[in-house]
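Coordinate analysis (summary)
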Amino acid sequence: MGGGTLAYALRDSGVRVLIVEQGDFLPVERENWSFDAVHTEGRYKNSAPWYDTVAGKEFVPGNYHYVGGSTKLYGATLPRFRESDFGAVHHVDGVSPAWPIGYADLEPHYTEAENMFWVHGNKGEDPTDPWRSADYPFPGIPHEGAMARLVESARRQGLHPFAAPQSVDWRPGGGCVLCETCDSFACMVDAKGDADVAAVRPALRATSRNVELLTNAEVLRLDTDESGRRVTAARIRHAGGREIEVRAERFVVACGAANTAALLLRSTSGSHPGGLANSSDQVGRNYMAHVTTFFLAVDPRHKNEAVYQKTIGINDWYSAGPSTPFPLGNVQGLGKLHGQQAKQGKPWVPMSILDEVTKYTLDMFIQTEDLPLSENRIGLDRAGNVTVTRRETNLASHHELIRRMKKVVRKAGFPVVLTRSLGVEATSHQCGTARMGIDSASSVVDADLKAHDVDNLWIADSSPFPSSAAVNPAITVAALALRLGHSGALTT
Ligand SMILES: Cc1cc2nc3c(=O)[nH]c(=O)nc-3n(C[C@H](O)[C@H](O)[C@H](O)COP(=O)(O)OP(=O)(O)OC[C@H]3O[C@@H](n4cnc5c(N)ncnc54)[C@H](O)[C@@H]3O)c2cc1C
């Protein structure tokens, strides 16, 4: 999201841009929309395993190496961070720190990103929505099936459910048919606003042809000059194992929070013994990924006829207030679950039963802000593989949010609730591993995303986030990248 959107911002800017991508274009094939291929066989999971140092075991994260990165498989819900998320926020387990920039610094770039990614939403429905200089480019997607019933009941209960902002090509004449294979699937007809379709490919079509793409090219390390102040080259393992070197005037790292930290930590040298741009010892630290739960409300009397189910958002307990001493988080619709996904949480239950049960479930995703702890970190083992150390924060608030949502869905006619918390293996909202800040002793990049320690190195993904907020991260990644791209830092 960050790298592709930055390339988009730099199209026809007069500088030559090379995107170096570890993966390839995700193939267009029947399996794109197969629940068995995607969820049972994990056909598109192509990350190397990470080692969870707390549980003492390996797992393969949902971290995707394709043109478009993780957005190829993402759920396309693109909410802006709330204005309050850029200030210090008091949580049950501590304070979420302020950013060195405010919402107003990003607002024009959020607006541009919403246009790029065809965001559909309804202004004024969500009371926590921040101010905006322009309406959503397209109206919100209507609620279907059981979701519509829940929305009506939630309103009667005094809540403010809203149309969650969706990045799909449901414009007049657009290719999106609101199918059930959007969240966690690749879109076979390019009707999801992922970073491949909406950013990289338009960048490659720039009139001046100033953007180029090198695929199947994993950056292994960045080299610097003797002073350590300038990156001189990226060393790359190209398709087939050949090592090549790319030299440039300026370098931007946008490998996703975990892999950006891993790349910097691998790039040690005499001037950067603890890893590139790491004099603060903050690279890899403050890893955050939201505290998340799949929340399934069941009405055993009625099947859920919803096909595109990602439309609901509830932010009534997002901030502290009279009924909530601490912020609890965000509730939103999840792509319609089938037996194959439920099997991952309940492997002992026969598939025929899971298939039947999921016809009745209304599937939601509950997320609470995770705090940046110094000891929650991405690291490397001796062989250079990624390790993750994470203890979740704000669990009491998360459980309280689940308890409140249980009351809401029961009143709405869904007496049974099934939940599954995802823990450390939920890596999709990863951020924070190269935090942004004014003080070079406690942060990796400055407020303009430039590394404090290096004169020609920037970071443009989710790693500079000082805090995780409690809404999905991708449009904030895009807005930061657009701000950098338009700042002149990379073009003058
Ligand atoms: C299943 C799923 C659902 C999601 N749903 C949502 C959602 O609904 N809304 C939302 O806001 N967010 C969602 N996300 C999260 C969203 O996709 C990420 O926040 C976003 O993609 C992060 O952008 P990024 O630029 O930090 O990293 P990425 O988009 O992951 O891009 C990193 C890129 O760097 C490449 N790379 C990594 N290492 C190297 C290397 N060494 N050399 C060369 N290239 C490298 C990768 O291959 C990848 O292309 C979801 C994620 C997943 C997995």
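Quick notes on the rules
Residues numbered from 1 in each chain as written. Predicted model: local features only at pLDDT ≥ 70, side-chain atom pairs only at ≥ 80, totals over all residues. Heavy atoms only, no water. UniProt positions renumbered as here; feature names shortened; annotations may be inferred. Core = buried A, V, L, I, M, F, W, Y, C linked by side-chain atoms within 4.5 Å. Buried < 20%, exposed > 50% of the residue type's maximum accessible area, 1.4 Å probe, protein only. Helix = DSSP H or I, 4+ residues; strand = E, 2+ residues; numbered from the N terminus. Contact = heavy atoms within 4.5 Å. Polar contact = N/O pair within 3.5 Å; in protein donor to acceptor, adjacent residues only side chain to side chain. Axes fitted to C-alpha atoms, helices over the stretch in contact; angles between N-to-C directions. Parallel < 35°, antiparallel > 145°, perpendicular 65-115°, else oblique. Left-handed = near helix turned anticlockwise from the far one by under 90°. Nonpolar A, V, L, I, M, F, W, Y, C, P; charged D, E, K, R; others polar. Pairing = 2+ DSSP bridges. Expected span 1.5 Å × (residues − 1).

Taking an unreviewed UniProt entry as the reference, the protein chain is identified by name as GMC family oxidoreductase belonging to Mycobacterium yunnanensis. The record in UniProt for the protein chain states the following under Sequence similarities (unreviewed entry): "Belongs to the GMC oxidoreductase family."

The next subject is the nonpolar core. Nonpolar side chains tend to gather and get buried jointly when the protein is soluble and globular. Within the largest apolar cluster, 87 residues are counted, with the highest numbers of intra-cluster contacts made by F117, L222 and L457. When residues in this core are grouped by element, the largest group, nine residues, is from helix α10 (residues 474-486). The residues touching L457, leaving out its near neighbours within four places in the chain, are L222, V231, F251, V253, L264, L276, A277, L449, K450 and A451. Counting 24 residues, the second largest nonpolar core, distinct from the first, contains A154, V331, M364 and M405.

With that out of the way, let us pick up the side chain of H91. Along the chain, H91 falls in strand β4 (residues 89-91). Here N394 takes part through its side chain, which lies 3.5 Å from a polar atom of the side chain of H91. Setting aside anything within four residues of it in sequence, one finds H91 in contact with S96, F326, P327, E369, L371 and N394.

This brings us to the packing of helix α1 (residues 2-9) against helix α5 (residues 195-204). It is the contact of α1 with α5, at a shortest axis distance of 8 Å, that shows an interaxial angle of 40°. The orientation of α1 relative to α5 falls into the category oblique. Considering only the axes of α1 and α5, their crossing is left-handed. Here G4, T5, A7 and Y8 of α1 lie close against α5, whose contacting residues are A198, A199, V200, P202 and A203. Across the contact of α1 with α5, the residue classes break down as seven nonpolar, two polar and no charged.

Attention now goes to unusual backbone geometry. Even without being glycine, W118 reaches a positive phi, approximately 50°. Examined against the element boundaries, W118 turns out to sit in the loop between α3 (103-116) and β6 (119-120). For N216, which is not glycine, the phi dihedral falls at a positive 55°. Along the polypeptide, N216 turns up in the loop between β9 (211-214) and β10 (217-224). Relative accessible area serves as the criterion here: at 28%, N216 is assigned to the partly exposed category.

It is worth spelling out the sheet that holds strand β11 (residues 231-238) at this point. Strand order in the open sheet formed by three strands is β10-β11-β12, with antiparallel pairing between adjacent strands. If you trace the sheet from one side to the other, it starts and ends with β10 and β12 (243-247), each paired once. With strand direction ignored, the average angle separating the axes of adjacent strands in the sheet is 30°. In the sheet, β10 pairs with β11 via seven bridges, with the strands oriented antiparallel. Bridged to R221 within β11 is R235.

Close contact between α3 and α10 brings their axes to 8 Å; oriented N to C, the two are set at 110°. The orientation of α3 relative to α10 falls into the category roughly perpendicular. Note on packing geometry: the crossing formed by α3 with α10 is right-handed. Residues D105, L106, H109, Y110, E112, A113, E114 and M116 of α3 lie in contact with α10, whose contacting residues are I475, T476, A478, A479, L480, L482, R483 and H486. A per-class count over the contact of α3 with α10 returns nine nonpolar, three polar and four charged.

The next subject is helix α9 (residues 395-411). Its 17 residues place the ends of α9 25 Å apart at the C-alpha level, agreeing with the 24 Å of an ideal helix rising 1.5 Å per residue. On its buried face, α9 is in contact with α4 (145-156), β14 (291-298), β15 (312-314), β16 (330-333), β17 (361-368) and β20 (416-421). Positive phi shows up at G413, right after α9, with a value of about 100°.

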